[in-house]
There are 2 protein chains.
Amino acid sequence: MKYSKQREIILQIVQNSMDHPTADKIYEKARMELPNISLGTVYRNLNQLAEAGTIRKISTGTSDRFDKTLKDHCHFHCTKCEKIIDLPVVYVAQLKEDLMRKEGHKIEYEEILFTGICKECLEERKED
Amino acid sequence: MKYSKQREIILQIVQNSMDHPTADKIYEKARMELPNISLGTVYRNLNQLAEAGTIRKISTGTSDRFDKTLKDHCHFHCTKCEKIIDLPVVYVAQLKEDLMRKEGHKIEYEEILFTGICKECLEERKED
DNA sequence: GTAACTGCAAATCCTTTGCTATGGA
DNA sequence: TCCATAGCAAAGGATTTGCAGTTAC
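All values reported here derive from a predicted model rather than from experimental measurement.

Engineer: Give me the lowdown on the overall build of chain A, citing residues and values where you can.
Structural biologist: Of regular secondary structure, chain A possesses five helices and five strands. Taken from N to C terminus, the helices and strands of chain A fall in the order α-α-α-β-β-β-β-α-β-α. Looking at chain A as a whole, 42% of its 128 residues are labelled buried. In chain A, the proportion of contacts linking residues at least 24 apart, taken out of those at least 6 apart, comes to 55%.

As structure tokens, then:
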């Protein structure tokens, strides 16, 4: 892969994001550094980086999100505040183990997404 | 919800499918019974049925799939033969339990998708 | 020099929506 | 009758692609 300033910035944005941004959010941020960057370039680079395994695509059903971490594949999506929380990897280890040992499949990729109301929103709701 | 022949057939198709079809595949099948049915109607009904909890939408990242079972939320997607296998619910129970008890979130929906090579494809590969 | 890259815009794909007509309760 | 639903077609949104110019190596 040949170097490009655009790809470097896109990668930086994903790596510095805590909030699993959409392609569009990444585009917005990238334009602050490179005002002429195009949305097509953002998509092309996100796909390249995801294919290379440097970043990761998460499908929530409503939109695609991008994630820096390759190790945290367990997410919780709060439908109230719309945030996506990384969940401890340790919780998923046993599940994965069972699927490989007991079912005999080879797992190359896991996408675990729980949806509901996060702890913080639940606490706010109590105050209502 | 008012009865309609279209919805009945769409529901039947999803319930009789073992392969978690896309909206388009469901449309194709529905046209065999009702040649004039429109794709819009298929989408509308699939969304209604999913919202009502009768069927379920699964996002694989490449496309949305529909699923009849409300209890089996754990899927394995084989990238070789492209099939989606339901996985035993029991495996996910502990994971869910941990997330609710230890993290304090309220889980309303879970989407668990493992991707890789299924047992059958692994066995075929050995014979190559 | 050349292959990979960019920006731009058009194309594509999937899904939703607006409209008028129809059909179930 | 009346409201939900249908079919059709157009709109919508997200993503991809074609092209001509540019840049890294």
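On we go.
Engineer: I'd like to hear about the protein's contact with DNA strand C, residue by residue, with values.
Structural biologist: Lining the immediate surroundings of DNA strand C are 19 residues, of which A:Ile37, A:Thr41, B:Lys2, B:Tyr43 and B:Asn47 lie closest. Taking all atoms of DNA strand C within 4 Å of the protein, the share assigned to sugar and phosphate is 67%. Contact distances for DNA strand C include 2.4 Å between a phosphate oxygen and a side-chain N or O atom of A:Thr41. A distance of 3.2 Å separates a base oxygen of DNA strand C from a polar side-chain atom of B:Arg44. Within the surface near DNA strand C, the residues separate by chemical class into five nonpolar, eight polar and six charged.

Engineer: Report on helix H1 (residues 5-16) of chain B, specifying residues and quantitative values.
Structural biologist: Side chains that are three or four residues apart share a direction in an α-helix, a result of its 3.6 residues per turn. Taking 1.5 Å of rise per residue, the twelve residues of H1(B) would be expected to cover 16 Å, and the 16 Å separating its terminal C-alpha atoms lies within 8% of that figure. The complete set of buried residues in H1(B) reads B:Arg7, B:Ile9, B:Ile10, B:Leu11, B:Ile13 and B:Val14.

Engineer: Help me get a handle on the protein's contact with DNA strand D, residues and values and all.
Structural biologist: Every one of the 20 residues lining DNA strand D counts as a neighbour, but A:Tyr43, A:Asn47, B:Ser4, B:Gln6 and B:Thr41 are closest to it. Counting only atoms of DNA strand D within 4 Å of the protein, the sugar-phosphate share comes to 68%. Between a phosphate oxygen of DNA strand D and a main-chain N or O atom of B:Ile37, the distance comes to 3.5 Å. In terms of residue count, helix H3 (residues 39-51) of chain A provides more of the surface near DNA strand D than any other element does, five residues in total. Counted by class, the surface near DNA strand D contains five nonpolar, nine polar and six charged residues.

Engineer: Break down the packing of helix H2 (residues 23-33) of chain B against helix H3 (residues 39-51) of chain B for me, with residues and values.
Structural biologist: All names here are of chain B. Where H2 contacts H3, the axes come no closer than 10 Å and their chain directions differ by 120°. Taken together, the axes of H2 and H3 are oblique relative to one another. Here H2 runs over H3; the crossing is right-handed. Judged by residue contacts, Ala 23, Asp 24, Ile 26 and Tyr 27 of H2 engage Leu 39, Val 42, Tyr 43 and Leu 46 from H3. Here the residues of the contact of H2 with H3 sort into seven nonpolar, no polar and one charged.

Engineer: For the relation of the copies chain A and chain B, give the residues involved together with the corresponding values.
Structural biologist: If you rotate chain A by 179° and push it 0.0 Å along the axis, it lands on chain B with an RMSD of 0.3 Å. In symmetry terms, the pair is related by a two-fold rotation axis. Within chain A, A:Ile112 has its C-alpha nearest the rotation axis, a separation of 2.2 Å. Most of the interface of chain A is mirrored in chain B, where 100% of its interface residues again form contacts.

Engineer: Tell me about the interface of chain A and chain B, and name the residues and values.
Structural biologist: Each side of the interface is counted separately: chain A has 33 residues, and chain B has 33 residues. Taking both partners together, chain A and chain B bury about 3,000 Å²; carbon and sulfur atoms supply 65% of that area. Among the residues chain A hides against chain B, the three largest losses belong to A:Tyr91, A:His105 and A:Phe114. Together they make up 24% of the total. Where chain A touches chain B, the interface holds zero salt bridges. Connecting chain A to chain B are zero residue pairs in polar contact (both at pLDDT 80 or more). Elements with a contribution of two residues or more to the side of chain A that touches chain B: helix H4 (90-103), strand S5 (106-117) and helix H5 (119-127) of chain A. Here the side of chain A that touches chain B takes twelve residues from S5(A), the largest share from any one element. Taken together, the residues of the side of chain A that touches chain B sort by class into 16 nonpolar, eight polar and nine charged.

Engineer: Talk me through the pattern of salt bridges; I want residue IDs and the actual numbers.
Structural biologist: Residues and elements named next belong to chain A. For the structure shown, the criterion picks out two salt bridges over all chains. In this structure, Glu 8 engages Lys 5 in a salt bridge whose closest nitrogen and oxygen atoms are separated by 3.6 Å. Of this pair, Glu 8 and Lys 5 both sit in helix H1 (residues 5-16), separated by three residues, roughly a single helical turn.

Basis of the calculations
Residues numbered from 1 in each chain as written. Chains lettered and ligands numbered in written order. Predicted model: local features only at pLDDT ≥ 70, side-chain atom pairs only at ≥ 80, totals over all residues. Heavy atoms only, no water. Helix = DSSP H or I, 4+ residues; strand = E, 2+ residues; numbered from the N terminus. Buried < 20%, exposed > 50% of the residue type's maximum accessible area, 1.4 Å probe, protein only. Contact = heavy atoms within 4.5 Å. Near = heavy atom within 4 Å. Polar contact = N/O pair within 3.5 Å; in protein donor to acceptor, adjacent residues only side chain to side chain. Nonpolar A, V, L, I, M, F, W, Y, C, P; charged D, E, K, R; others polar. Expected span 1.5 Å × (residues − 1). Axes fitted to C-alpha atoms, helices over the stretch in contact; angles between N-to-C directions. Parallel < 35°, antiparallel > 145°, perpendicular 65-115°, else oblique. Left-handed = near helix turned anticlockwise from the far one by under 90°. Least-squares fit on C-alpha atoms with pLDDT ≥ 70 in both. Buried area = accessible area lost by both parts, 1.4 Å probe. Salt bridge = Lys/Arg side-chain N within 4 Å of Asp/Glu carboxyl O.

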